[in-house]
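So the chains spell out like this:
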Amino acid sequence: QPVLAVVGRPNVGKSTLVNRILGRREAVVQDIPGVTRDRVAYDALWNGRKFTVVDTGGWEPDATGLQAAVAAQAELAMSASDAVLLVVDATVGATATDDAVARVLRRSDRPVLVAANKVDSERAMAEVHQLWSLGLGEPMPVSGLHGRGSGDLLDAVLAALPESPKDLVGHGGGGPRRVALVGKPNVGKSSLLNKLAGEQRVVVDSVAGTTVDPVDELIELDGEIWKFVDTAGLRKRVNTASGTEYYASLRTKAAIEAAEVVAVLLDASEPITEQDLRVITDIVEAGRALVLAFNKWDLVDEDRRHQLTRELDRGLVRVPWAQHVNVSARTGRAVAKLAPALRNALDSWDTRVPTGQLNAWLNELIQATPPPVRGGKQPKVLFATQAQTRPPTVVLFTTGFLEAGYRRFLERRFRETFGFEGSPIRFSIRVRE
Ligand code: GDP
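Residues numbered from 1 in each chain as written. Predicted model: local features only at pLDDT ≥ 70, side-chain atom pairs only at ≥ 80, totals over all residues.

Chemist: Sorry if this is basic, but what is going on with unusual backbone geometry here?
Modeler: Phi is mostly negative for residues that are not glycine, and the peptide bonds are mostly trans. Cis geometry marks the peptide bond from R390 to P391, where omega comes out at -5 degrees. Along the polypeptide, P391 turns up in the loop between β14 (381-388) and β15 (393-398). At D222, a residue that is not glycine, the phi angle is positive and equals roughly 55 degrees. As for its position among the elements, D222 is in the loop between β9 (217-221) and β10 (224-228). (Helix = DSSP H or I, 4+ residues; strand = E, 2+ residues; numbered from the N terminus.)

Chemist: I tried to follow the sheet that holds β15 on my own but got confused; where do I start?
Modeler: Note: strands within a sheet are paired through backbone hydrogen bonds, in either parallel or antiparallel orientation. Taken together, the 3 strands give an open sheet; going across it, the order is β14-β15-β16, and neighbouring strands pair in mixed fashion. The open sheet has two edge strands, β14 and β16 (426-431), and neither has a second partner. In this sheet, neighbouring strand axes are inclined to one another by 20 degrees on average, regardless of whether the strands run parallel or antiparallel. By the bridge criterion, 6 bridges tie β14 to β15 in an arrangement that is antiparallel. Bridge pairing in β15 links Q386 to V394. (Pairing = 2+ DSSP bridges. Axes fitted to C-alpha atoms, helices over the stretch in contact; angles between N-to-C directions.)

Chemist: It is not clear to me how the environment of R20 should be interpreted in this structure. Could you clarify?
Modeler: Position of R20 relative to the elements: it lies in helix α1 (residues 14-21). Taking the C-alpha atoms as reference points, R20 and S150, 130 residues apart in sequence, are found 7.3 Å from one another. In this structure R20 touches G144, G147 and S150, once residues within four positions along its chain are discounted. (Contact = placed C-beta atoms within 7 Å.)

Chemist: Sorry, what's going on with the sheet that holds strand β13 (residues 323-326) here?
Modeler: As summarised here, the arrangement of the 6 strands in space is β9-β10-β8-β11-β12-β13, forming an open sheet in which the pairing is mixed. In this open sheet, the two strands that pair with only one neighbour each are β9 and β13. The average undirected angle you get between the axes of adjacent strands in this sheet is 30 degrees. Both β9 and β10 contribute to a ladder of 5 bridges, which runs antiparallel.

Chemist: What is the right way to read the nonpolar core from this model?
Modeler: As a rule of thumb, soluble globular proteins bury nonpolar side chains together. Ranked by size, the top nonpolar core spans 44 residues in total, and within it V264 and V291 carry the most contacts. Ranked by residues supplied to this core, first place goes to helix α11 (residues 338-350) with 7 residues. V264 has contacts with V182, G183, V279, I280, I283, L290, L292 and A293, leaving out every residue within four places of it along the chain. With 43 residues, the next largest nonpolar core counts I21, A74, V87 and L154 among its residues. (Core = buried A, V, L, I, M, F, W, Y, C linked by C-beta atoms within 7 Å. Buried ≥ 20, exposed ≤ 12 C-beta atoms within 10 Å, placed from the backbone.)

Chemist: How do you make sense of helix α6 (residues 189-197) when you look at a structure like this?
Modeler: Count 3.6 residues to each turn of an α-helix, and residues three or four apart come out pointing the same way. Those residues of α6 lying buried are K189, L192 and L196. The arc enclosing the buried residues of α6, seen along the axis, measures out at 70 degrees, which places them on a common side. (Arc of directions from axis to C-beta.)

Chemist: So what exactly am I meant to see when it comes to α1 here?
Modeler: Inspection of α1 places K14, L17, V18, R20 and I21 among the buried residues, and these make up the whole buried set. Relative to the axis of α1, the buried residues are bounded by an arc of 155 degrees and lie together on one face. The positive-phi residue at the C-terminal boundary of α1 is G23, with phi of around 65 degrees.

Here's what the structure looks like:
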């Protein structure tokens, strides 16, 4: 169900208003993990529609970090929700802190509503129009205390919320997906590109609205047009004078940056090298989707296959989530499997786990296996949200640092539950002291 995030500085009457929205029933959906009492997400029902209310009050600033707390709160609200409700105290007007939050929220691609709270009298009503200055549209007068205006506010909230949460983010801009084909010299990049492009070379002019750099190439695979980036170096063999390797590695990095998904070509007939692993690391660090293509499979016999399996167990521990395709650019073996693997990786790269689902999973996991005590204290994991896609980025809000081993445990279980084959995932921990 869709998520409404409620933000506002302390003392604007946020909690009272949240209770008002919940009809004071406070149906708790996520009594967030383990021992904590910091309930932040609630089920709400209005006019027969259910939605989740996330009260970001848990991040109210302490004396030290007002600006940081405000920014984090607004950021969380935007990333974790389908719509944002900013609560402002109409009797005080817009403060510098309100302005700071509004500035962040104005950049939101989610709808933002402004509740002018504490409008308990006609006199307070007169102050409401001043809140237009926040630049977030018409302020809606409410009284959390008396309930005034809350029906209208809820109607507006429902109108702003989508029917279902945004769980999939399209790849903005449209056009063909961008692929880079990388790998060490002589691994067969140009051979594979020729094989792939063979019959299906696309005439650029025939694809509406695409601009293609001379170094890029449009190739139709599996009924879809793909943009292979920086292919010029692949087609014309770069001569190997001194310095070329440096140049080639820069060029590889640039191609990775330009791509959404990278196919790394490895020579299956020869041992995996440091250089291969370095490229894979670069791709993971750049946050790009990844497919591992083992080329020259026509040269692989039984012995080599067993040896390769051992090399993979040792060398590719960082990317157990990457899909493998065993191809031969020479014979054409399995090259048709490349496009579905690329698409699968991109699907993962684009996926967003809805906040409610993510926290239900997290809650259960942490009940069963709470974070280990550290420095005599039990860190609590308060809340998680997948703040981004491309690559998927999960933000965990905690009350203390989590041990590396426990973080890895969470990451592993996250993949076990939600998949994400072919995509790196980033986890970021925000500690609220
Ligand atoms: P690049 O430097 O990565 O572009 O590699 P090339 O495409 O130029 O290939 C290097 C050499 O490997 C050439 O002699 C190719 O014929 C050969 N080669 C490429 N793919 C295959 C393959 O699948 N099987 C075999 N046996 N040889 C291949």
